[in-house]
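Here is how the chains run, residue by residue.
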Amino acid sequence: MTTGPTIAFFTRLLDDASPAERYALATEQIRHAERHGIGRAWVAQHHFRAAEGGLPSPLVYLANVAAHTSRIRLGTGVVTLPLEDPVRVAEDAVVADLLSGGRIDLGLGSGGTPSSFVPFGEDVRDKAPTYDRKLRLLLDALSGRDIGADNTLYPDAGTLADRIWQATFSAPGGHRAGIHGHGLLLSRTQPRSTDALHAPLSALQDPIIDTYLDALPDGVAPRITASRTVFVADDRAEALRVAEVGLRRAAEGFRRQGQTIPGDSLDELIVALDTHLGTPEEVAESLAADATLGRATEVAFQVHSVDAPHEHVLRSIELFAEQVAPALGYTLTDTIKETA
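Okay, so let's go over this structure. Everything numeric in this text was worked out from a predicted model, so none of it was measured. (Residues numbered from 1 in each chain as written. Predicted model: local features only at pLDDT ≥ 70, side-chain atom pairs only at ≥ 80, totals over all residues. Heavy atoms only, no water.)

If you add up the space inside the second largest pocket, you get close to 480 Å³. Contributing to the lining of the second largest pocket are 29 residues, with Arg192, Pro200, Leu201, Val271 and Asp274 lying nearest its centre. For the lining of the second largest pocket, the secondary-structure elements that each account for two or more residues are α6 (201-215), α8 (266-272) and β8 (275-278). Here the lining of the second largest pocket is built from residues that sort into 14 nonpolar, ten polar and five charged. (1 Å grid on protein atoms, 1.4 Å probe; cavity = no way out; pocket = protein on both sides within 12 Å on 5 of 7 lines; lining within 4 Å. Points joined across faces, edges and corners; volume = space filled by probe spheres on them. Helix = DSSP H or I, 4+ residues; strand = E, 2+ residues; numbered from the N terminus. Nonpolar A, V, L, I, M, F, W, Y, C, P; charged D, E, K, R; others polar.)

Shown next, in the form of structure tokens:
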């Protein structure tokens, strides 16, 4: 019997709180996702700017989350590889994987905010070749090959090399992920060119999937995670009230980066920012119309750019798992019962 895509929870750790509380709240959200049968949690890495993301060290954080969970898989979505020492990424990922009982997935990307490259001594204009060079060294390390002066990774990586993902906005990036047999990470929204401002997200992402599938080696099963902005509430009016602040803030942020975000009404921003929100029935209908999700092996839902308060995030997780996922045929793991 054919099963639908699995589901994942994604967070950029943007709760309106101190860093320590952000980490505690995100951990509770991940634990809540695990209790409701969500199969994986992805966390994003961002440096320096609290408004862009709250987590510069995702593998450190996930090692801690592993101690507070038992079954949910834990992934980096993503480590910005051009800003990292690839040998240390490999070492940290291996240690986190061992501590988690083999639950780590290593998602990689080329970044990121241009000014963040400066403190790391990197030039953003060189990020593509830097990414390729560091990716080769990372793969050598995880595969147990000599990484210089007769050194190999210890502890060894086990099967971690089979759990690498690459994020991209482009077809060439899809090709790069495919030729390595890696998973493909697709974003919740993407910039549109000025002549395609109202194009559906599938128009941008389906060509990436096509290139990825064409590049996959024979016999390698595709792994495609499509992230989407999803906010589920008991009442649409409540969803709109909560969403308006975050979506307006996100639209202004994208505009400052040079993107064109058409429209200014809340309904226009919901469409422009590829947002799925409302009651479970409304969200299920909205997601069903997203053609790319029919090709994904995993759908990762995140509350960004709505950025709802913590209690609303918890409720959204519950409603997504209990009502939206079954309506769409998405695959849940067994739920975890709470004990007294």
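At their nearest, the axes of helix α3 (residues 86-100) and helix α4 (residues 127-142) sit 8 Å apart, and the two run at 40° to each other. On the basis of the axis angle, α3 is oblique to α4. With respect to the hand of their crossing, α3 and α4 are arranged in right-handed fashion. Counted together, Pro86, Val87, Val89, Ala90 and Val94 of α3 and Lys134, Leu137, Leu138, Ala141 and Leu142 of α4 form the full contact between these two elements. Here the contact of α3 with α4 is composed, by residue class, of nine nonpolar, no polar and one charged. (Axes fitted to C-alpha atoms, helices over the stretch in contact; angles between N-to-C directions. Parallel < 35°, antiparallel > 145°, perpendicular 65-115°, else oblique. Left-handed = near helix turned anticlockwise from the far one by under 90°. Contact = heavy atoms within 4.5 Å.)

What follows concerns the environment of Leu14. Turning to its location among the elements, Leu14 is positioned in the loop between β1 (6-11) and α1 (19-35). Leu14 gets classed as buried once you look at its relative accessible area, which sits at 15%. In this structure, the C-alpha to C-alpha distance between Leu14 and Asp307, residues 293 residues apart in sequence, is 7.0 Å. For Leu14, the contacting residues outside a window of four places in its chain are Arg22, Ala50, Ala51, Glu52, Gly53, Gly54, His304 and Asp307. (Buried < 20%, exposed > 50% of the residue type's maximum accessible area, 1.4 Å probe, protein only.)

With that out of the way, let us pick up the nonpolar core. In globular proteins that are soluble, nonpolar side chains generally tend to be buried together. With 82 residues, the main nonpolar core has Ile30, Tyr61, Leu74, Leu108, Leu142 and Phe320 as its most contacted residues. The residues touching Leu142, leaving out its near neighbours within four places in the chain, are Ala90, Val94, Leu106, Leu153, Ala157, Leu160, Ala161 and Ile164. Judged by nonpolar contacts, the second largest core, of eight residues, contains Trp42, Trp165, Leu185 and Ala300. (Core = buried A, V, L, I, M, F, W, Y, C linked by side-chain atoms within 4.5 Å.)

Along strand β4 (residues 104-109), six of the six residues are buried, which leaves the element largely enclosed by surrounding structure. Burial along β4 is two-sided: Ile104, Leu106 and Leu108 and Asp105, Gly107 and Gly109, pointing in opposite directions, are all buried. In terms of strand pairing, strand β3 (residues 73-80) meets β4 through five bridges, oriented parallel. Bridged to Thr76 within β4 is Leu106. (Pairing = 2+ DSSP bridges.)

In this section: the environment of Tyr131. Here Tyr131 shows up in helix α4. Given the relative accessible area of 0%, Tyr131 is considered buried. The spatial distance from the C-alpha of Tyr131 to the C-alpha of Val78 is 13 Å, given a sequence separation of 53 residues. With near-sequence residues (within four places) excluded, Tyr131 lies in contact with Leu81, Pro82, Leu108, Gly109, Ser110, Gln166 and Arg176.

Before going further, it helps to examine empty space enclosed by the protein. Under the definition given, this model contains two cavities of 30 Å³ or more. What the largest cavity holds in volume is close to 70 Å³. Forming the walls of the largest cavity are Phe9, Phe10, Thr11, Leu13, Leu14, Asp15, Gln29, Val303, His304, Asp307, Ala308 and Val313. With three residues, the single largest contributor to the lining of the largest cavity is β1. In terms of residue class, the lining of the largest cavity is built from seven nonpolar, three polar and two charged. Of the voids in this model, the second largest cavity is the one considered here, and its volume is about 30 Å³. The wall of the second largest cavity is formed by Phe9, Val230, Phe301, Gln302, Val303, Val313 and Ser316. Those elements that place two or more of their residues in the lining of the second largest cavity are β9 (298-302) and α10 (310-328).

Another aspect to go through is the pairing of β9. The element β9 is extensively covered by neighbouring structure, given that five of its five residues are classed as buried. Because side chains alternate across β9, one face comprises the buried residues Glu298, Ala300 and Gln302, and the other comprises Val299 and Phe301, equally buried. With four bridges connecting them, β1 and β9 associate as parallel partners. Considered in β9, the bridge of Ile7 is made with Val299. Note that strand β7 (residues 224-232) and β9 share five bridges and pair parallel. Across the sheet, the residue bridging to Ala226 is Val299, located in β9.

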